[in-house]
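Chain residues, written in single-letter form:
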Amino acid sequence: MRYIPNSPDERAEMLRTVGLNAPEELFSSIPADIILKRQLDLPAALSEMELLARFEAIAAHNTAARRPNFLGAGAYSHYSPTIIDSLIQRSEFFTAYTPYQPEVSQGTLQVIFEFQTMVCQLTGMEVANASMYDGSTSVAEAVLMAERVTRRRKVIVSPALHPEYLQVAQTYVSHAGIELAQTGFDEQAGRTTLDDATIDEQTAAVVVQSPNFYGCVEDLESLAERTHAAGALLIVAVTECASLGLLRSPGACGADIVVAEGQSLGVPLGYGGPYLGLFATREKFARQMPGRLVGVAADKEGRRGFVLTLATREQHIRREKATSNICTNEGLIALIATIYMTTMGRRGLQEVAMQCAQKAAYAARRIAELPGFSLPYAQTPRFNEFTVRAPVDAAELLRRLAREHNITGGLALSRYDPTRANDFLACVTETNPRAEIDALVAGLKALTA
Amino acid sequence: MTINESLVFERSMPGRQGYRLPALDVDETLLDELLPADLRRDDDLEGMPELSEPDVVRHFTRISTWNYNIDLGMYPLGSCTMKYNSRLNERVARIGGFGNLHPLASDEDAQGALQVIYELQHHLSEITGLPGISLQPAAGAHGEMTGVMLIRAFLDARDGVGEGDAPRRHLMLIPDSAHGTNPASAHLSGFTVKTIRSTPEGQTDLEHLREICATGDVAGLMLTNPNTVGLFERDIREICRIVHEAGGLVYMDGANMNALVGVARPGDMGVDVIHLNLHKTFSTPHGGGGPGSGPCCCTTELEPFLPVPRVVRDGEGFKFDFNFPRSIGRVKAFYGNFGMFTRALSYILTHGPDGLREATEAAVLNARYIAHALTSDYDKPFDAPPMHEVVFTDKRQSRKGVHTLDIAKRLIDYGFHPMTIYFPLIVQGAMLIEPTESVGRQEIQQFIDAMRAIAREAQDTPDLVINAPHTTRIGRLDEAAAARKPVLRWKPEEKATAA
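Residues numbered from 1 in each chain as written. Chains lettered and ligands numbered in written order. Predicted model: local features only at pLDDT ≥ 70, side-chain atom pairs only at ≥ 80, totals over all residues.

**Student:** How should the packing of helix α11 (residues 394–405) of chain A against helix α12 (residues 434–448) of chain A be read in this particular structure?
**Tutor:** Two quantities define a packed helix pair, namely the angle between the helix axes and the distance between the axes. All names here are of chain A. Their axes nearest at 10 Å, the elements α11 and α12 cross at an angle of 115 degrees. The orientation of α11 relative to α12 falls into the category roughly perpendicular. Pair α11 / α12 crosses with right-handed handedness. Contact with α11, carried on its side by L397, R400, L401 and H405, involves A439, G443, L444 and L447 of α12 and no other residues of that element. A breakdown of the residues in the contact of α11 with α12 according to their chemical character gives five nonpolar, two polar and one charged. (Axes fitted to C-alpha atoms, helices over the stretch in contact; angles between N-to-C directions. Helix = DSSP H or I, 4+ residues; strand = E, 2+ residues; numbered from the N terminus. Parallel < 35°, antiparallel > 145°, perpendicular 65-115°, else oblique. Left-handed = near helix turned anticlockwise from the far one by under 90°. Contact = placed C-beta atoms within 7 Å. Nonpolar A, V, L, I, M, F, W, Y, C, P; charged D, E, K, R; others polar.)

**Student:** So what exactly am I meant to see when it comes to the nonpolar core here?
**Tutor:** The nonpolar side chains of a soluble globular protein tend to be buried, and buried together. Counting 305 residues, the largest nonpolar core has V143, A146, V206, V207 and I235 of chain A together with L150 and V273 of chain B as its most contacted members. Top contributing element to this core by residue count: helix α10 (residues 331–368) of chain A, with 21 residues. Beyond its immediate stretch of four places on either side in the chain, L150 of chain B contacts V273, C298, L302, F305, L306 and I328 of chain B. (Core = buried A, V, L, I, M, F, W, Y, C linked by C-beta atoms within 7 Å. Buried ≥ 20, exposed ≤ 12 C-beta atoms within 10 Å, placed from the backbone.)

**Student:** Which parts of the structure should I look at to understand the domain arrangement of chain A?
**Tutor:** Residues and elements named next belong to chain A. According to the domain assignment, chain A contains domain 1 (68–78 + 345–448) and domain 2 (82–340). The distance between the C-alpha centroids of domain 1 and domain 2 comes to 28 Å. Each partner contributes residues to the interface: domain 1 has 26 residues there, and domain 2 has 24 residues. Listed by contribution, the elements that provide at least two residues to the side of domain 1 that touches domain 2 are α10 and β12 (385–389). A breakdown of the residues in the side of domain 1 that touches domain 2 according to their chemical character gives 15 nonpolar, nine polar and two charged. (Domains from an automatic or database assignment.)

**Student:** Help me out: how do you make sense of the interface of chain A and chain B in this one?
**Tutor:** A common way to report how large an interface is uses the accessible area buried once the components associate. With 159 residues of chain A in contact, the opposing surface of chain B contributes 169 residues. Of the residues forming the side of chain A that touches chain B, the biggest block, 23 residues, is contributed by α10 of chain A. Its residues assigned to classes, the side of chain A that touches chain B comprises 81 nonpolar, 53 polar and 25 charged.

**Student:** Please clarify how the domain arrangement of chain B should be interpreted in this entry.
**Tutor:** Examined at the domain level, chain B breaks down into domain 1 (8–64), domain 2 (90–349) and domain 3 (360–481). One C-alpha centre belongs to domain 1 of chain B, the other to domain 2 of chain B, and the line joining them spans 43 Å.

**Student:** What should I look at first to understand the sheet that holds strand β14 (residues 423–427) of chain A in this one?
**Tutor:** Two orientations exist for strands paired in a sheet by backbone hydrogen bonds: parallel and antiparallel. Residue and element names in this part refer to chain A. On the basis of which strands lie adjacent, the open sheet formed by three strands has the order β12-β14-β13 and antiparallel pairing. Single-partner strands in this sheet number two, and they are β12 and β13 (411–412). Here two bridges tie β13 to β14, and the two strands are oriented antiparallel to one another. What sits directly across from A412, in β14, is F424. (Pairing = 2+ DSSP bridges.)

**Student:** Which parts of the structure should I look at to understand the pairing of β14 of chain A?
**Tutor:** Working note: regular strand, side chains alternate between the two faces of the sheet. Residue and element names in this part refer to chain A. Among the five residues in β14, four count as buried, and that is most of the element. As judged from the five bridges shared by β12 and β14, these two strands associate in the antiparallel manner. Bridge assignment links F386 to a residue of β14, and that residue is A426.

Below, the structure is given as structure tokens:
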């Protein structure tokens, strides 16, 4: 096997050195009755050429990967500058371990410190951790954290939270003694509502996504006000981080915990992962946070360096009393996001956001003009995603659009809500040239004529 | 590498730009019509960096040189399995048909991705001897959480649930040598953690296990095998039998599967559920702390409870099946860290069954060789021959005031990454060494020579070891001070005061 340096002869010699005659003897401490007495039933080894050909052939069956795409709903097509993939393939980054030995891990540690800082700036928060698995698990961890902070056991979740995020939160809290309730939803405005009947002195937190699953920007400030009046925490989830280049930050609106899916920050779609969970909060809650944190430290000569810190929150020290069981997180993906935010920078993040909003506004306007089509939440501000009501079954319409016009037109909402048969979610980013948008509009028109 | 490089924020200069987008090609909407002012940012993203492209490349390249990495040399972290990360796997993962695929594409349009998931599931089942599988968990601890939730769901279905959602059997047994993630994961499912002692020989204490199992409160056992002192649990069959007879289930932490692939299968040992670490055993890169991937494999009894959706056969093709009413639900949006699936499948197909077995043999042999060579210089607390990793202690060196931490730091001066230190907790001054199959004999010899040299230094010039490392850009950092007054982000004011 070409990845194993020692030749069979060298191994034989090493075996003799340790007093053994055959490789089987290495496993003499395993009882004979559980030793596998046959070869694993797996395909025979492939050469590099054969392997590449095989994977190329498999990948060719992913027909959606080659089409103009208007799917969003938690995963977004954004342009990723070339230098990102080049830099993350440096051995020093991608083949390093978790930075437990700071003297030989300052590269990774400084990246995380820069990442934490940028996440704070983008979300308007005071502290951010080194990353979580993704947006959905970050929401779940935020819910658990809110219970720790408030010692209250009810969490109210907006029905306009990404349905898969809600499902993940349900799994996480299933045995945590936390009750998940629902906020109201204004079907006219497409926005979350909070009434006094739902929020009370038992409420630990309110969870709201903005822009929400239907594309509408929530009125976070008034939600924060109502939430805080009940002594609860406002957890804001962001699935589309590009929006933070334009929208008022959740922190500025009064959020106590901001969690986000960081995939928009230069991470490939990659069929759903690896992505990147962002987790930020107020300084006073730092010791209740899940996950790793990097902080500034100095050596004996007073030179600045970075270390993993506040580890007493974590599982390897606190075991079952830890703030989370998380250990491995998404280090390399956090690096992608850090390089992305650095390369696009202050101006680029704003320009991407502006282009997304402008192009989505154009697409929404054009689609709304089509006979039989409407935008159910047309009056509510949005970013780059919007709900469309088609005159026909949306799943079938989108299927035909893919087959006959070679465009992935969006997400049929019936995937998550069977009552929304004619609704679909369309998303437009800076990667969609006007010609693609026009082709989408023409396709929808042709298929409903 | 002693080059200095400031924080990216300190490098930033107003007006520098590292990107260019195509000009906006649609009719513009007035900003206020697009979004009212009170919903827009008013901070102009102050503080975010402004740099040219060469600035960015230089910044990240310079700081990268301060990292040790596998490609540079042996990375003998015990229980972490730092093996070679092949470039071929990276290339496979970057094939456009995978990288550009949206997770909500229809099954019909994502047949290639579904095939990757299906095939990897199939192969991992064969490797573990456990037929049920979900690739959804994003890391080892996430896989543990999933596995324990399967146990909880199974027991609730079998025994019913107590008042206030209390489990009928509330004890999750965990050896004192376990990874900290085990108890943390058990806690999430509402179990009470009960510690099982290890014997002086480094094996699970069967008497203690029997004693606790006799209480009738045992929901399960979480066991690492080979355990964290690098020994195979000889009595694994008996351990599983005791727990099963007491009505509990056995969870195996698969962190150490690199000692077993192709040699023995957890399913054949009586284990009910295991998680694998694709970023350990199956060589997907650690990336400085992730991404990982922690597939969960289980028996047919536990299969109905696996997370949804699951990939199943659909005629000639594949599809997602959401219809498993007894499922614990989702543990992650979408389907898991798919990018790690392509890499792990590539690893398996590159090795084939004989290559996988060869890797296991080479990994165990390398550890055995180190164990053999260092016994003369370091205290080895357990006599039994180790599997893929071996634990030593600082017992002999500490007489001269040289401790495990010092030995680890001194190893850096010899060009190696330190081993895992002070873990497992049951071994005082533990040094856990896992060479993996990816190092050749010369390099292992260099490592042995370095460890012997350090042992001599500990005798003759202990200060040299105590003050190590001497060759790095910075010395040991004051971690206690860092935790007392945590500075967790850069702030613009600090720049002003520094200037």
